[in-house]
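# Structural description and commentary
Letter by letter, the chains look like this.
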Amino acid sequence: MNLLFVVAEMAPFATSGGLGDAITGIAHALARLEQSVTVLMPRYQWLGDLGEARPGEGPARGIYHHEEAGIRVLLVDDPESFDRPGIYGPEPGSAYEDEWRRWGRFCQTAAAVSGQFDLVHLHDAQTAPTALLSSAPTVLTLHNAAYSVQGPLDEAVALFEGHPDAADLLEWYGAANYLKGGILAADQVTTVSRGYARQIAEDPAVSSGLNEFVAGLDHAVVGILNGIEIRRFDPETDDAIPVPFGPDDLTGRSAARQELLARTGLDGSGVLFGMVGRMTGQKGLELLDPVIDQLIGSGFRLVAVGNGDQDYLVDGWAARAPGAVWHGPYSEELARLVWAGGDSFLMPSRFEPGGLGNLYAMRYGAPPVVRLTGGLASTVIDLTDHPASANGFGFEDYTPEALRETVERAMGVLRDQPDVWAALQRAGMTTDWGWDPAARRYLDLYERVLSRS
Ligand code: GLC
């Protein structure tokens, strides 16, 4: 099948959180199934050296062609939209005021090339309304429905006037809403776990208020669980960690832990937790805030890697307790060290469509502590609930108390029951978290969509 992915992020060229990793993972897994995958993304300011220039389509001045590991990457050259310092805004967590215009133009270019493909796979709100204009059938995957991209109705609708019902499809409380338009116009909507597929059909808080539209679709939203690239993320071959290790011999983990302590200046006596990703309201930082001092008193230590609009919370903890909490910007190398050298990994998310940090942590032998929501509920098995098959710890109530109790329960097991802890590590490290099952499900889905259209 000749597939076009239309995306804002693709690792390693542009990533702000899990989306970029997910795109690369799915694309390569589909290529292993002998499918032809082309990824269309913006030619961001920092990608100036990539690819060979070809003529533009739609509003694009040009399209640069680049090929990497069997995947064709098309970079849309539209300087007024993308010659800027960030993906969505100048700072992590901020948004450009003309998001609707720059992504609308990008969708126009995507639609202009769509006829060359059998099927177009759109990802998240920025690229969703391509579905209104695409010449090929479309699948829209929601990696995070909390971001919707809104703009002035008349001007935004004008960008999609090729569709006779553009105004109706896009209109939302007097504005244009790209996520709504995409959800209604796509031939099939999917998301990245079954739990989150249910949530976005029910809960206005996680679906940008679009739950009723999701629930009313002719074809129910399909949940396909994300994987990780197990070849690229493997503690037995990872250059970012000082001594390689695998499920049968974990001794290398202590060298990674030492290195992590040396880089962050944290004191190593406690239990070292990692957090990696966007520091935003989604991630449950507000649960940790009221109980962190008490937890630090019981030995909790935290390395937090990544930025977002709640940086101030994490920076506050680090300023108050410099030997116990460290916060720094995202770097893949440091993230790898956190998974390999952290004792455990914390993800108390308010909601979590898929969740990748939990999978990386398990692959690297750090049993996670998570809130059991969305994709976290599909992958993390709690020790108390399921002692024989457990790979970590989870809680359901979104309260600081539930978080505190679960973190303390995990710290207790690590200190007092090393054999039980080792079994959790082994369970996480020996599970196959790869992308292949997801790719097979996407391919089945594409075939169903094509047979309907
Ligand atoms: C977003 C979601 C995350 C998901 C990722 C990839 O970052 O917040 O849960 O894993 O997209 O699908």
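Quick caveat, the model's predicted, so the values are computed rather than measured.

Along the chain, P353 falls in the loop between β16 (344-347) and α16 (357-363). Separated by 154 residues in the primary sequence, P353 and Q199 place their C-alpha atoms 9.1 Å from one another. Ignoring sequence-local partners within four residues, the contact set of P353 consists of L142, H143, N144, T191, V192, S193, Y196, G374 and G375.

We now examine the domain arrangement of the chain. Under the domain assignment, the chain is made up of domain 1 (2-227 + 435-452) and domain 2 (252-430). Taken together, the 21 residues of domain 1 in the interface contact 16 residues of domain 2. At the level of elements, α1 (18-32) and α9 (194-202) are the ones that each hand at least two residues to the side of domain 1 that touches domain 2. Of the residues forming the side of domain 1 that touches domain 2, the biggest block, four residues, is contributed by α9. Residues belonging to the side of domain 1 that touches domain 2 are distributed by class as follows: eight nonpolar, 11 polar and two charged.

Core analysis: the largest hydrophobic core is formed by 84 residues, its most contacted members being F5, I26, V39, L40 and M41. Sequence-distant contacts of V39, defined by excluding residues within four places in its chain, comprise F5, V7, M10, I23, A27, I71, V73 and L74. If you look at the next biggest cluster of nonpolar residues, it comprises 62 residues, including L287, Y360, F395 and A410.

Further remarks concern the sheet that holds strand β18 (residues 393-395). Spatially, the six strands line up as an open sheet ordered β15-β14-β13-β16-β17-β18, and their pairing is parallel. A single partner strand is all that each edge strand has here, and the edge strands are β15 (325-328) and β18. Within this sheet the neighbouring strands show an average axis-to-axis angle of 20 degrees, counted without direction. The sheet contact formed by strand β17 (residues 368-371) and β18 spans three bridges and is parallel. Note that in β18 the partner of V370 across the bridge is G394. Seen against the sheet, helix α18 (residues 400-416) touches β13 (271-276), β14 (300-305), β16, β17 and β18 and runs at an angle of roughly 165 degrees to β18.

The terminal C-alpha atoms of helix α19 (residues 418-430) lie 18 Å apart, and with 13 residues this matches the ideal 18 Å at 1.5 Å per residue to within 8%. Those residues of α19 that sit buried are L424, Q425, G428 and M429. Around the axis of α19, the buried residues are gathered within 125 degrees of arc, so they sit on the same side. Next to the buried residues of α19 lie α16.

The next subject is the site of the ligand. The environment of the ligand is made up of 14 residues, and the closest members are G18, A22, H143, P353 and G354. The dominant element in the shell around the ligand, judged by the number of residues it contributes, is α1, at three residues. Taken together, the residues that form the shell around the ligand break down as five nonpolar, eight polar and one charged. Residue contributions to the shell around the ligand reach at least three from each of two domains, namely domain 1 (2-227 + 435-452) and domain 2 (252-430).

Scoring rules and cut-offs
Residues numbered from 1 in each chain as written. Predicted model: local features only at pLDDT ≥ 70, side-chain atom pairs only at ≥ 80, totals over all residues. Helix = DSSP H or I, 4+ residues; strand = E, 2+ residues; numbered from the N terminus. Contact = placed C-beta atoms within 7 Å. Domains from an automatic or database assignment. Nonpolar A, V, L, I, M, F, W, Y, C, P; charged D, E, K, R; others polar. Core = buried A, V, L, I, M, F, W, Y, C linked by C-beta atoms within 7 Å. Buried ≥ 20, exposed ≤ 12 C-beta atoms within 10 Å, placed from the backbone. Pairing = 2+ DSSP bridges. Axes fitted to C-alpha atoms, helices over the stretch in contact; angles between N-to-C directions. Expected span 1.5 Å × (residues − 1). Arc of directions from axis to C-beta. Near = placed C-beta within 6 Å.

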